[in-house]
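Examination of the molecular architecture
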Amino acid sequence: MIAIIDYGMGNLHSVSKAVERLGCEARVTSDPREILAADGAILPGVGAFGDAMANLRETGLVDTVKEYAASGKPFLGICLGMQLLFTESEEHGVHQGLDLLPGRVVRFQGDYKVPHMGWNELTFKQESPLFEGVEPGHVYFVHSYHALPERESDLLAVTDYCQPVTAIVGRGSVYGMQFHPEKSGDLGMALLRKFTDMASGRIEGFEV
Amino acid sequence: MLAKRIIPCLDVKDGRVVKGVNFVNLRDAGDPVELAAIYDREGADELVFLDISASVEGRATMVDVVRRTAGEITIPFTVGGGISAVEDMKRLLRAGADKIGINTAAIRNPDLITDGSRTFGAQCIVVAIDAKFNAEWGEWEVFTHGGRNSTGIRALEWAKEAERRGAGEILLTSMDADGTKDGFDVALTKAVSSSVGIPVIASGGAGNAQHFADVFAEGQADAALAASIFHYKEVTVQEVKQTLRGKGVNVR
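Residues numbered from 1 in each chain as written. Chains lettered and ligands numbered in written order. Predicted model: local features only at pLDDT ≥ 70, side-chain atom pairs only at ≥ 80, totals over all residues. Heavy atoms only, no water.

Some details on the pattern of salt bridges
Selection rule: We count a salt bridge whenever a side-chain nitrogen from Lys or Arg sits within 4 Å of a carboxyl oxygen from Asp or Glu. Here a helix means four or more residues in a row that DSSP labels H or I, a strand means two or more in a row labelled E, and each is numbered from the N terminus. Three labels apply to residues, based on accessible area from a 1.4 Å probe with only protein chains included: buried if under 20% of the type maximum, exposed if over 50%, partly exposed otherwise in between.
In total, this model carries 24 salt bridges over all chains according to the counting rule given. Here Arg104(A) and Glu88(A) are joined by a salt bridge, their closest N and O atoms 3.0 Å apart. Of this pair, Arg104(A) sits in strand S7 (residues 101-107) while Glu88(A) sits in strand S5 (residues 86-89), and the two are 16 residues apart along the sequence. With its nearest N and O atoms 2.7 Å apart, the salt bridge here joins Glu161(B) to Arg165(B). Accessibility expressed as a relative area gives 23% for Glu161(B), which makes it partly exposed. Judged by relative accessible area, Arg165(B) falls into the partly exposed class, the value being 24%. Each of Arg5(B), Glu46(B), Lys99(B) and Glu169(B) takes part in one network of salt bridges that share partners.

Next comes the structure, spelled out in C-alpha cells:
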C-alpha cells in the first residue's frame, strides 16, 4: 500500500488515481499509524510553502514524515512536496522546511515568464534506481520557486529554464520530483512506476 | 527548453461535449471523458473543459466529469465556465482539475482572482479573456458572455491586472478570429504576451497546422488552443506537432 499523505494541500485525487493505475493500492490518509505502516509514502502538494509546513505541523505530521523518511522505505515528495524536503524556502518570507535535504527554495528571477509552466525536458545527472530502463523526455512542470540543493550528490535530474532547474532529487530512499509525474504522460508514469516498484520490493535494495 | 503546448478544448454541456461555431449552433461530439483520454493518447499537452451548462444540475454533472477524467488521463486539465466563487474552485480542484478558468466572474469581481490565487496558488488560476478589436480605440476590448457583451475594459490593461492579482496564466480568445479558421489573432496574442510575465494561451481561429506555427513564432504564445479542427479530425494534434517540429518549434 502506498500512503498519499493528506495534510490539506492540493490535488490528492490525481496522484492516488495514478498510483492505482499502476496496480498499487493507494490510500489517502492523515493517520500517522497508517502512513508509517505503508510500503511507500507520497507527499504531494500544491500551494504555498509556509501554509504547507503550517498544515503539516497542525496535523502533527512533521514527525511522522521525518520518521518515515528515516525508516528506509521509499518516500516521494511531489512539486511543493519536493520543496518541503529542503531546509528552507523564501516563499512569502523565510520558512523552515523538513530539512531532510540541505538546500534552499528560491523564486525564479529574470527576464522570463513565471510560473515555469508546461512540458520541459529532463536531463539525468547521475545513475539512480529511478532511471533504470527509463529514457529521459518531457515532463510537466508548474512552479514559481525552485530548489537549490547544497549537495550535488542529491541532484538526480535537472531541466533547463534559462538556467539549470532542479527536477529530481534523491538521497537514500527519499526522493523528490519538482514536476508532476501523475500529469506527465508515459514518462511520468514510468518514473512513478519505478517508485511503486521500490515500495513493493520489486527493485533490489528496497525489500521492505 | 520549455515546449510549446497544444491544447484541445472541449465545450461541455450537461456532461456531453458540444462545439459551436461562433458560440452558436451547438453540435454534439461525444463523451468528454472518452475524448479526453483520446487526446491524451494523441499527444495533447493539456486539455480545457469549458462548462456551458446553464443549470445547477449541469454544473453538478461537471464535477463528476472532472472526477472521472482525472482518473483516466495523465496530462493536466483546466475547467472553466460559470465559476464565480472560491467554493466552486475548491470543488473542481478537489475532484481532480489542475487549473480553474475564470472569465465573466473575474470581471464582475476581480477579487476572485486574488482570493483564488491566494487560496490555491497562482498556478491554479487561469484568467480567460475574450477580446475584440475596437477600431475607435485602436486596441482590443474585453467582452463577456461568449462575446455578446462589451465591457469598456481594455484587454491589455485587464491582462496586466489579472497578473498583478495573481493569475498564473491568461487564456486569450480572439472574438474576431474565433470560428473563422483563418488563423489565430497574431497581433492580439503578441500584444498581450509581450505585456505580461505569465504564460499566454492563444485561442480562436485555428484552421490548420501552419496557424499554430504562426502564433508561436510571431504571436509569442506559450500555448495554443483549438476545438473543432481537432474534434472533427481536420488535423490531429500529432500532425500539428510534426509541422511545428519541422519549423524548429520545440514541442513534446
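Let's talk about the packing of helix H1 (residues 12-21) of chain A against helix H2 (residues 56-72) of chain B
Heads up, the rule is: All axes are obtained by fitting lines to C-alpha atoms, using only the stretch in contact for helices, and the reported angles, taken between N-to-C directions, cover 0 to 180 degrees. In what follows, roughly perpendicular refers to angles from 65 to 115 degrees, roughly parallel to angles under 35, roughly antiparallel to angles over 145, and oblique to any angle outside these ranges. Less than a right angle of anticlockwise turn of the near helix away from the far helix marks a crossing as left-handed, whereas a clockwise turn marks it as right-handed. Two residues qualify as a contact provided that any one of their heavy atoms is within 4.5 Å of a heavy atom in the partner residue. Classification convention: Asp, Glu, Lys, Arg as charged; Ala, Val, Leu, Ile, Met, Phe, Trp, Tyr, Cys, Pro as nonpolar; all other residues, Gly among them, as polar.
Running from N to C, H1(A) and H2(B) cross one another at 45 degrees; their axes reach a closest spacing of 8 Å. In terms of orientation, H1(A) lies oblique with respect to H2(B). Note that H1(A) runs across H2(B); the crossing there is right-handed. Here H1(A) contributes His13(A), Ser14(A), Lys17(A) and Arg21(A) to the contact with H2(B), which in turn contributes Arg67(B), Ala70(B), Gly71(B) and Glu72(B). Looking at the contact of H1(A) with H2(B), its residues break down into one nonpolar, three polar and four charged.

A look at the interface of chain A and chain B
Keep this limit in mind: Simply put, the buried area is the total loss of 1.4 Å probe accessible area from both parts when two parts are fitted together. Throughout this description, a polar contact denotes any pair of N or O atoms lying within 3.5 Å of each other; where both atoms belong to protein, one of them has to be capable of donating a hydrogen while the other can accept it, and for residues adjacent in sequence the pair is counted only when both atoms sit in side chains.
Listed as interface residues are 26 residues of chain A and, on the opposing side, 38 residues of chain B. Interface area lost by chain A to chain B is led by Lys113(A), Met117(A) and Trp119(A), which between them contribute 31%. Asp98(B) is the partner of Lys183(A) in a salt bridge, and the nearest nitrogen-oxygen pair spans 2.8 Å. On the surface where chain A and chain B come into contact, there are 14 residue pairs in polar contact (both at pLDDT 80 or more). Of all the secondary-structure elements, those providing two or more residues to the side of chain A that touches chain B are H1, strand S8 (116-121), strand S10 (138-143) and helix H6 (185-199) of chain A. Broken down by element, the side of chain A that touches chain B gets its largest block of residues, six residues, from S8(A). For the side of chain A that touches chain B, the residue count by class is nine nonpolar, 10 polar and seven charged.

Quick notes on the environment of Val192(B)
All names here are of chain B. Considering the arrangement of structural elements, one finds Val192 in helix H7 (residues 186-193). The spacing of Val192 and Ala159 is 33 residues in sequence and 7.0 Å in space, taken between C-alpha atoms. If sequence neighbours within four positions are ignored, Val192 has contacts with Leu156, Ala159, Ile170, Leu172 and Val200.

Description of unusual backbone geometry
Comment: phi is negative for the bulk of residues other than glycine, and the bulk of peptide bonds are trans. For the bond running from Val114(A) to Pro115(A), omega is 5 degrees, close enough to zero to count as cis. For Pro115(A), the position within the fold is in the loop between S7 and S8. Despite not being glycine, Lys181(B) has its phi angle at roughly 60 degrees, a positive value. With respect to the helices and strands, Lys181(B) occurs in the loop between strand S10 (169-174) and H7. One non-glycine residue, Lys233(B), adopts positive backbone phi at about 55 degrees. Within the secondary structure layout, Lys233(B) lies in the loop between helix H9 (228-231) and helix H10 (237-246).

Comments concerning the side chain of Glu46(B)
Residue and element names in this part refer to chain B. Note on placement: Glu46 falls in the loop between helix H1 (32-41) and strand S4 (47-51). Separated by 2.7 Å, the side chains of Glu46 and Arg5 make a polar contact. For Glu46, the side chain forms a polar contact with the side chain of Lys99, separated by 2.7 Å.

Some points on the sheet that holds S7(A)
As a reminder of what qualifies: Should DSSP find at least two bridges between two strands, the strands are taken to pair.
Taken in spatial order, the four strands line up as S6-S5-S7-S11 (chain A) in an open sheet, and their pairing is mixed. Looking at which strands have only one partner, the edges of the open sheet turn out to be strand S6 (95-96) and strand S11 (145-149) of chain A.

Concerning the packing of aromatic side chains
Residues and elements named next belong to chain B. Counted only if it meets this: Pairing of aromatic side chains requires ring centres within 6.5 Å, counting the rings of Phe and Tyr and the six-membered ring of Trp. Pairs whose planes differ by under 30 degrees are stacked, by over 60 edge-to-face, and all others tilted.
Here the structure, examined in full by the defined rule, presents 12 aromatic pairs over all chains. Considering the side-chain rings of Tyr39 and Phe230, the 6.4 Å spacing of their centres and the 65 degrees angle between planes classify their relative orientation as edge-to-face. A residue pair is termed long-range when its members are at least 10 positions apart, and Tyr39 in helix H1 and Phe230 in helix H9 qualify at 191 residues. Overall, Phe230 belongs to the buried group, its relative accessible area being 3%. With a centroid separation of 5.7 Å and 80 degrees between ring planes, the pair formed by Phe49 and Phe77 is classed as edge-to-face. Separated by 28 residues along the polypeptide, Phe49 in strand S4 and Phe77 in strand S5 (residues 77-80) bring together distant segments of the chain. Of the two residues, Phe49 and Phe77, neither departs from the other in class, the shared state being buried. Each residue in the set Tyr39, Phe184, Phe212 and Phe230 is aromatic and connected to the rest through ring pairs, giving one cluster.

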